[in-house]
Amino acid sequence: MLVPRLTALTQGSCLWQRVCWRLVEGVPDRAMEAVLTGLVEAAPGPEVLSRLLGNLVVKSKKAQFVMTRKLLFLQYRYTTPVLQSLLGYLAKDSQRRPLLVQALKELLETWGSSSAVRHAPLPQQCYVSKAVLICLAHLGDTELQDSREELLASLMAGVKCHLDSSLPAVRRLGMIVAEVASARIHPEGPPLKFQYEKDELSCELLALATLQPAADSPSEAGPFVAPVAAETPDKQTVDSGVPQVRPQGSDSELDSDDEFVPYDMSGDQELKSGKVPMYIRDCVEALTTSEDWEYWEAALRALERLVFRNPAATREVSVELAKVLLHLEEKTSVVGFEGLRQRALVAVTVTDPARVAEYLTSQFYAINYSLRQRMDILDVLALAAQELSRPGRLWRAPQCGSPGPTCQPGCTVAPTWRAVVDERIRRKTRRFSKGSPKRRPAGSPNGFNSVAGYFFFPLIKGFDRPLVTFDLLGDDQLVLGRLAHTLGVLMYLAVNTTVAVPMGKALLEFVWALRFHGDTYVRRGLLSAVSSVLLSVPGERLWEDLPDELLEARLWLADVAEKDPDEDCRMLAVKALLLLEKLKDKLLPLPSP
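What you are looking at is a predicted structure, and each value in this text was computed from that prediction instead of being measured. (Residues numbered from 1 in each chain as written. Predicted model: local features only at pLDDT ≥ 70, side-chain atom pairs only at ≥ 80, totals over all residues. Heavy atoms only, no water.)

**Section: the overall build of the chain**
And step 1. The helix and strand inventory of the chain stands at 31 helices and zero strands.
And step 2. Put simply, the chain has 593 residues, and 43% of those count as buried.
And step 3. A sequence separation of at least 24 residues applies to 72% of the contacts in the chain between residues at least 6 apart.
And step 4. Summing over all exposed atoms, the chain offers an accessible surface of approximately 34300 Å²; the carbon and sulfur share of this is 55%. (Helix = DSSP H or I, 4+ residues; strand = E, 2+ residues; numbered from the N terminus. Buried < 20%, exposed > 50% of the residue type's maximum accessible area, 1.4 Å probe, protein only. Contact = heavy atoms within 4.5 Å. Areas by Shrake-Rupley, 256 points an atom, 1.4 Å probe, with all protein chains shown as cover.)

**What about the packing of helix 22 (residues 353-364) against helix 25 (residues 452-460)?**
And step 1. Contact geometry of helix 22 with helix 25 gives a least axis separation of 9 Å together with a crossing angle of 15°. Accordingly, the angle class assigned to the pair helix 22 and helix 25 is roughly parallel. Where helix 22 crosses over helix 25, the two elements pack in a sense that is right-handed. Only Y454, F455, P458 and L459 of helix 25 make contact with helix 22, whose side of the interface consists of P353, A354, A357, T361 and F364.
And step 2. Class assignment of the residues belonging to the contact of helix 22 with helix 25 gives a composition of eight nonpolar, one polar and no charged. (Axes fitted to C-alpha atoms, helices over the stretch in contact; angles between N-to-C directions. Parallel < 35°, antiparallel > 145°, perpendicular 65-115°, else oblique. Left-handed = near helix turned anticlockwise from the far one by under 90°. Nonpolar A, V, L, I, M, F, W, Y, C, P; charged D, E, K, R; others polar.)

**Some words on unusual backbone geometry**
And step 1. A positive phi angle, close to 60°, is found at N368, a residue other than glycine.
And step 2. Tracing the backbone through its elements, the reader meets N368 in the loop between helix 22 and helix 23 (371-389).
And step 3. At N496, a residue that is not glycine, the phi angle is positive and equals roughly 65°.
And step 4. Structurally, N496 is set in the loop between helix 26 (477-493) and helix 27 (500-514).

**Topic: the side chain of S165**
And step 1. For S165, the position within the fold is in the loop between helix 12 (148-163) and helix 13 (168-185).
And step 2. Residues contacting S165, with those up to four places away along its chain left out, are V170 and R171.

**Observations regarding the nonpolar core**
And step 1. Among the nonpolar cores identified, the biggest contains 94 residues, and F364, F448, F455, L483 and F510 are the most heavily contacted of them.
And step 2. Per element, the largest residue contribution to this core is nine residues, and it comes from helix 27.
And step 3. When sequence neighbours within four positions are dropped, the list of residues in contact with F510 reads I460, F463, L480, A484, L487 and L526.
And step 4. The next biggest cluster of nonpolar side chains, apart from the first, holds 64 residues, and it includes V27, V48, Y89 and L208. (Core = buried A, V, L, I, M, F, W, Y, C linked by side-chain atoms within 4.5 Å.)

**Some thoughts on the environment of P458**
And step 1. With respect to the element layout, P458 can be found in helix 25.
And step 2. Sequence spacing of P458 and S362 is 96 residues, and the spatial spacing of their C-alpha atoms is 7.1 Å.
And step 3. Residue contacts for P458: discarding those within four places in its chain leaves T361, Y365 and G453.

**What about the packing of helix 27 against helix 28 (residues 520-536)?**
And step 1. The N-to-C vectors of helix 27 and helix 28 enclose an angle of 155°; their axes lie 10 Å apart at closest approach. As judged from the angle between their axes, helix 27 and helix 28 are roughly antiparallel. Crossing handedness for the pair helix 27 and helix 28: left-handed. Between helix 27 and helix 28, the contacting residues are A500, G504, L507, L508, F510, V511 and L514 on the first element and L526, A529, V530, V533 and S536 on the second.
And step 2. Class assignment for the residues of the contact of helix 27 with helix 28 results in ten nonpolar, two polar and no charged.

**Here's the deal with helix 25**
And step 1. Listed in full, the buried residues belonging to helix 25 are A452, F455, F456, L459 and I460. One face of helix 25 carries all of its buried residues, which in axial projection span an arc of 90°.
And step 2. Buried-residue contacts for helix 25 involve helix 21 (337-351), helix 22, helix 23, helix 26 and helix 27. (Arc of directions from axis to C-beta.)

**Some remarks on the environment of V284**
And step 1. Mapping V284 onto the fold places it in helix 17 (residues 280-289).
And step 2. On the basis of relative accessibility, which here comes to 7%, the residue V284 falls in the buried class.
And step 3. Setting aside residues no more than four positions away along its own chain, V284 makes contact with E320, L321 and V324.

**Let's talk about the pattern of salt bridges**
Two side chains of opposite charge can pair, provided their charged atoms sit close to one another.
And step 1. One pass over the full model with this rule turns up 28 salt bridges.
And step 2. In this structure, the salt-bridge partner of E304 is R343, at a minimum N-O distance of 3.4 Å. On the criterion of sequence distance, the pair formed by E304 in helix 18 (residues 293-309) and R343 in helix 21 is long-range, its members being 39 residues apart.
And step 3. We classify E304 as partly exposed; its relative accessible area is 26%.
And step 4. One salt bridge in this structure joins D559 and K563, with 3.5 Å as the shortest N-O distance. One end of the pair, D559, and the other, K563, are both in helix 30 (residues 547-563), four residues apart, so they sit about a helical turn from each other.
And step 5. When salt bridges that share partners are traced, they join E338, R341, R372, D376, D379 and R482 into one network. (Salt bridge = Lys/Arg side-chain N within 4 Å of Asp/Glu carboxyl O.)

**Describing helix 2 (residues 14-25)**
And step 1. Look at helix 2: 16 Å from first C-alpha to last across twelve residues, which is about the 16 Å you get at 1.5 Å a residue.
And step 2. Residues of helix 2 that are buried sit in contact with helix 1 (2-9), helix 3 (29-42), helix 4 (46-53) and helix 5 (56-59). (Expected span 1.5 Å × (residues − 1).)

**What about the packing of aromatic side chains?**
Any two aromatic rings considered together are summarised by their centre-to-centre distance and by the angle between their planes.
And step 1. As enumerated under the stated definition, the model contains seven aromatic pairs in all.
And step 2. Seen in terms of ring centroids, Y365 and F470 are 6.5 Å apart; in terms of plane orientation they differ by 50°. Their pairing is tilted. Remark: F470 occurs in the loop between helix 25 and helix 26 and Y365 occurs in the loop between helix 22 and helix 23; sequence separation between them is 105 residues. Grouping residues by exposure puts Y365 and F470 together as buried.
And step 3. Judged by centre distance (5.3 Å) and plane angle (75°), the rings of F448 and F455 are edge-to-face. Each member of the pair, F448 as well as F455, carries the same accessibility label: buried.
And step 4. An aromatic cluster is defined as three or more aromatic residues linked by ring pairs; in this entry it consists of F364, Y365 and F470.
And step 5. R96 extends its terminal NZ or CZ atom over the ring of Y89, reaching a point 4.2 Å from the ring centre. (Phe/Tyr/Trp six-rings, centres within 6.5 Å; stacked < 30°, edge-to-face > 60°. Lys NZ or Arg CZ within 6 Å of the ring centre and 35° of its normal.)

**Focus: the side chain of R515**
And step 1. Secondary-structure assignment places R515 in the loop between helix 27 and helix 28.
And step 2. One buried charged residue, R515, remains without a salt bridge, the closest side chain of opposite sign being E552 at 6.8 Å.
And step 3. Setting aside its immediate chain neighbours within four residues, R515 contacts L526 and W556. (Lys, Arg positive; Asp, Glu negative; His and termini not counted.)

**What about the confidence of the model for the chain?**
And step 1. A residue-level look at the chain finds 83% of positions with pLDDT of 70 or above and a mean pLDDT of 80.
And step 2. Here residues 215-250 scores under 50 on pLDDT; set against residues more than four positions off or in separate chains, the count is 34 contacts. (pLDDT = per-residue confidence, 0-100.)

**Quick notes on a negative patch on the surface**
And step 1. Taken together, the side chains of E509, D548, E549 and E552 make up a negatively charged region of the molecular surface.
And step 2. Sort the elements by how many residues they give to the negative patch and helix 30 lands first, with three residues. (Patch = residues over 30% accessible without salt bridge, like charges linked within 9 Å, V, L, I, M, F, W, Y side chains within 5 Å. Charge placed at Lys NZ, Arg CZ, Asp CG, Glu CD.)

This is how it looks when you write it as structure tokens:
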């Protein structure tokens, strides 16, 4: 109620501005935070806030602490317009601009702190990143040059911490801030350029780097939001102010092909001169030794189909084929190379699960492998386990009568007498309504039951043994998080299998050893793994064999649900607690009165 009235009174009136300044200067220190917070939230922009507060942050230490410390670092619930009003207020007067420079230094120092990147929640990191970009938009080149060395040191440290994070959103924050800040702090040097996916948050952050001109009247002083960069207008329109008309008979007009209708080539296909391999061994030979790149690509595209069609021939060379695919590199620009390679590896693993899974799990902890290859191994194992556990999976041998070159014309089976009778009854029966036929999937044994141990136990036994180039408990926390998620998936797919109980015991020990890990992605995987154990292992066996572990897990989950800085971790902990309580209520019913 107070801010709109004071905004109108202080418009063009120095007397009312001095009245407002004396009013806020007389606020006691114990009420200063509440008053300033309300004014900053209610003011429509930095111009209005500057008229209401004057140089209060220079005269009052309490106001300076609230405006430059508490609202920027200790709280992050405010919207972007509020943050723009606050920092724009600091930039409006020459006496307040040194506070803006100091705020930028402290913001970049916090942004570049490895502890803040690892432990601060993602909304707070976004809030600090927005504040950094708004400060850079308000400060001039001269002010930035005076603190260049200090700002560059904090920026480089922050880039490394953000790029080392296992969360894609944190890495994207680091890339965007690094691009904008490096161009402003060190304009004469080579600019930093990153490749990242554009989303709503990234567009908002990039828009904050452009300073919006101040409004001239209170009616124009709406929400202070940075504009999104518009498309670049035509050069001729910008230069002259009006579109340029080309003279008739110019060369560009004579050479124009605009009057011709383009020929529809959407259905055309590229002609391939090479032949397609017909056998598994031909594909192995083509992928390893062939210099004909069209034949190499044809072999890669045909491999998954040939593996499903010839499972017996695949088992003869399954380990060798898995080795070739694991080390396969893209030699040409093949569209969807990673997907083709992954699907072929999954097909080989599904066809010969025991031997291929044993080979892949042994290579996961071997030396001289990149982190990308190790994560590919985890993805392939999870996808193959999902395919094996799915009823009616597509990898079984094709039935006779299905279309394809392997089906013979005379192999149709004559209908039995029961089928003939059913067909006659169907023809002579009149039905007034008939629901849509539901085709149930064909029943088949769980193919993951007998091979779950080959997938699970070799992966979990070596996580605490560091290698020269691979340390899960050290710098390779991204792979550790992916390993925790994969183990949880394997545990969930092993439901109703005979090996589920020992798998659940081993996975709980794995979770208990890493429960206080500092990386958010790893903690998410651990919490997902706990839920997988509660869903897959029979409840009776859990209460009989692991009562102490379940009690400790309940206390840990309650602590995570209450105190973890990451919102997803808190939600996963709450879901695991609900599963645990549901299991307890099911096995331990309330005594009758």
